[in-house]
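# Fold and contact review
So the chains spell out like this:
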Amino acid sequence: MLFNSYIFLFAFLPLAFAGFALLAGRDDRRPAKVWLIVCSLAFYGWFAVADVPVILASIAANYLLARTIAAAPGEAGRARRNLVFRLGVAANVALLAYFKYTRFFLTEVLSLFGLSVPAPAIVLPLGISFFTFQQIIFLRDIRSGAVTQFNVLDYVFCVTFFPHLIAGPIIKYKNILAQLASRAFFGLSPVFMASGFAWLTLGLVKKVLVADLIAPYANAVFSQAAAGGPLDGAAAWVGVLAYTFQIYFDFSGYSDMAIGLALLFKIELPVNFDSPYKSQSIVEFWRRWHITLSWFLRECLYIPLGGNRHGALRQYANLLVTMLLGGLWHGAGYGFILWGGVHGLALAATHAATRLRGAAGPAGRAGRGAAVAGTFALTALAWVLFRADTLPTAGRVYAALFGAGGGAGGPLYDWPVWSALAGCAAVSFFCAQHPADHGRCATAHRGLPGSGRIACAAPHAVAADCGLGGAAGAAFFRGGDESIQCHGFFVFSVLIRRALSDSGKWLDCRRDGEGVWSLCCSCGFIGLFSAAAPQARPESAPIPPPWTARWPRPRRNESAAASKTATGRSGLPPGRRFPRI
């Protein structure tokens, strides 16, 4: 049950919100919390019922550990707090390592030493990386005193709240607990609901009309490389660029949907992406990409390792270790580890260059443009390691990128594909991709509890309405029920937000919606050209009419189930038949 699925949008979400609306008006907030906890566990169990006992056991164990830490206050209890905290971190990491890395260790690492051990059949629970990190953050906040008052109901709510459960963003407990305790939050608000539907709609645009439509181009190229066939340089660049934009719009779209869903219940989650491909250095990239994960890696790995407090060489080593572990967290494979290592080395080199030339950045528009282009190129090339299933596959893609791919071969792409990639680049480099780019309406964890930081939702809702034209066009050209689904939800979202708003609220922050308006128009443009383009064809194969195109459904990757999954339905609308390419 992904956020962009029929069952979620038109069954689960209305039911969950209707129950919350009936309970939210009471002075006692506990029934509303219990209702959302039950809904969240149902949402999680929809993927695999067997995973529910795992998350419940993890919550129970960590709550007992947190109570033990809180029961040892003051200087006298510092040693006990630190000991229990270390035991809790070790237990959480051990749970994650067992499920996520046992097979990799037994099948890959031991084989390097000539050992062969049968690997057990371990099913990885969905979202275990995220909720394990959340538990570690909670124990850290208890030990440091950032959280002093908590109860079991609020703790379970924070961990299981379904908008961020399986793919983040990673939350700071003190802010969510403050919202649950404040009358300014966790209730019904027409303005927050309008904002929530706006963010949800923008996330759907990114996910359904951009990420899912360009994913087949990357899949075709990397599949060709995995099969060992010849790969043309142009096709390789299409695949790499398509995946570079796919993973961004997929991740950020899912984060935007999570923010919007939380706002429906008047809960603010932190902004997780801030136009990362506009970065002028790899350091800036990690301040803009998956912001909450970067915060976790900095606070829970880099700083405890010593940060920059022990000289330059130690800082560079700490950066490399942090990013290697960050890469391993994304998945059990050598490609993920090398991807983290590349970013660690790039971060160390950037800090070293900053020490040599000073803190001043590149001068002039040309210098800043070159810095952005260089950072983007490094990021895109590193994504090859992240996407390739094996290192030989990554090697063949790299070879094809630089003209050593074995001659002409692989999928052929025409101008609609390059137009779609150009549209993605235009959005990534020149458009504000969410209200956080304007600062005033950012749903960041600053100054909470408070009121009205995201109250200027109306212009973003107006901007989201501009995506209707693009969605309608994509639905016509593509003819599939994925676009019809997105189009239908847009109409539903517009009707709801129109009913919630009045003219004053729609006009409060009109300027903040300009960047989002350009995003929606660009996404509609991308959707049209992506839907019209064939996925891949042999040299002699005719191009089918664009309205008959159907994309194959890519395989779901568990470790990023919410961010790498194409959600097209396999069935066809009644009475319509579309040939598969």
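Residues numbered from 1 in each chain as written. Predicted model: local features only at pLDDT ≥ 70, side-chain atom pairs only at ≥ 80, totals over all residues. Heavy atoms only, no water.

## Observations regarding the environment of Val109
The line we're drawing: Each helix is a run of H or I in the DSSP string that is no shorter than four residues. Each strand is a run of E no shorter than two, and both are numbered from the N terminus. Relative accessibility thresholds used throughout: buried, under 20% of the residue-type maximum; exposed, over 50%; partly exposed, between the two (1.4 Å probe, protein chains only).
Relative to the elements of secondary structure, Val109 occurs in helix α4 (residues 78–109). Classification of Val109 by relative accessible area gives partly exposed; the value is 21%. It is 9.9 Å that separates the C-alpha atoms of Val109 and Gly333, two residues lying 224 residues apart in sequence.

## Examining unusual backbone geometry
Its identity as a non-glycine residue notwithstanding, Lys266 has a phi of 60°, on the positive side. Locating Lys266 in the fold gives a position in the loop between α10 (233–264) and α11 (282–288). Using a relative accessible area of 15% as the deciding quantity, one classes Lys266 as buried. Backbone geometry at Ser275 places phi at a positive 50°, although glycine is not the residue there.

## Focus: the side chain of Lys207
So the rule is basically this: Throughout this description, a polar contact denotes any pair of N or O atoms lying within 3.5 Å of each other; where both atoms belong to protein, one of them has to be capable of donating a hydrogen while the other can accept it, and for residues adjacent in sequence the pair is counted only when both atoms sit in side chains.
Locating Lys207 in the fold gives a position in helix α9 (residues 190–226). Within the structure, Lys207 has its side chain in polar contact with the side chain of Asp250 (distance 3.1 Å).

## Brief notes about the environment of Thr201
Looking at the secondary structure, you find Thr201 in helix α9. Each C-alpha atom, one on Thr201 and one on Asn4, is 9.9 Å from the other, the two residues being 197 residues apart in sequence.

## Considerations on the pattern of salt bridges
Our working rule: The salt bridge criterion pairs a side-chain nitrogen of Lys or Arg with a carboxyl oxygen of Asp or Glu, the two atoms within 4 Å.
Applying the stated criterion across every chain yields a total of nine salt bridges. Close ionic contact of Asp212 with Lys207 constitutes a salt bridge, the shortest N to O distance being 3.1 Å. In this pair, the class of Asp212 matches that of Lys207, namely buried. Between Glu284 and Arg288 there is a salt bridge, and its shortest N-O distance comes to 3.0 Å. One end of the pair, Glu284, and the other, Arg288, are both in helix α11, four residues apart, so they sit about a helical turn from each other. Because the salt bridges share partners, they merge into one network encompassing Arg140, Asp141, Arg298 and Glu299.

## Remarks on a nonpolar patch on the surface
As a reminder of what qualifies: Residues enter patches when they are more than 30% accessible in relative terms and free of salt bridges; like-charged ones are connected within 9 Å and nonpolar ones (Val, Leu, Ile, Met, Phe, Trp, Tyr) within 5 Å. For the accessible areas, the method is Shrake-Rupley and the probe is 1.4 Å, while residue cover comes only from the protein chains on display.
Together, Leu112, Phe113, Leu115 and Val117 give the surface a local cluster of nonpolar side chains, amounting to about 440 Å² of exposed area. Residue placement: Leu112 occurs in the loop between α4 and α5 (128–144).

## Observations concerning the side chain of Ser5
Note that Ser5 resides in the segment before α1 (6–23). The exposure class of Ser5 is buried, given its relative accessible area of 16%. Here the side chain of Ser5 touches Leu2 through a polar contact of 2.6 Å, landing on its backbone oxygen.

## Examining the nonpolar core
Threshold: Here the nonpolar core consists of buried residues drawn from Ala, Val, Leu, Ile, Met, Phe, Trp, Tyr and Cys, with membership extended through side-chain atoms lying within 4.5 Å. Should any heavy atoms of two residues lie within 4.5 Å, those residues are counted as being in contact.
With 87 residues, the main nonpolar core has Phe8, Tyr173 and Phe296 as its most contacted residues. Top contributing element to this core by residue count: α5, with nine residues. When residues no more than four places from it in sequence are discounted, the contact partners of Phe296 are Phe133, Ile136, Ile137, Ile170 and Leu301. Counting residues in hydrophobic clusters, the runner-up holds 54 residues, among them Ala211, Phe222, Tyr243 and Ala346.

## Remarks on the packing of helix α13 (residues 312–330) against helix α14 (residues 334–357)
Quick note on the threshold: Axes here mean lines fitted to C-alpha atoms, for a helix over just the part in contact, with angles spanning 0 to 180 degrees between N-to-C directions. If an angle is under 35 degrees, it is roughly parallel; if it is over 145, roughly antiparallel; if it lies from 65 to 115, roughly perpendicular; otherwise it is oblique. In this scheme the handedness of a crossing depends on how the near helix is turned from the far one: anticlockwise by less than a right angle means left-handed, clockwise means right-handed. Under this grouping Gly is polar, as are all residues other than the nonpolar Ala, Val, Leu, Ile, Met, Phe, Trp, Tyr, Cys and Pro and the charged Asp, Glu, Lys and Arg.
Two elements in contact, α13 and α14, have axes separated by 7 Å at closest approach and are oriented at 155°. Looking at the two axes, α13 sits roughly antiparallel to α14. As α13 packs across α14, the resulting crossing turns out to be right-handed. The class makeup of the residues in the contact of α13 with α14 is 14 nonpolar, eight polar and one charged.

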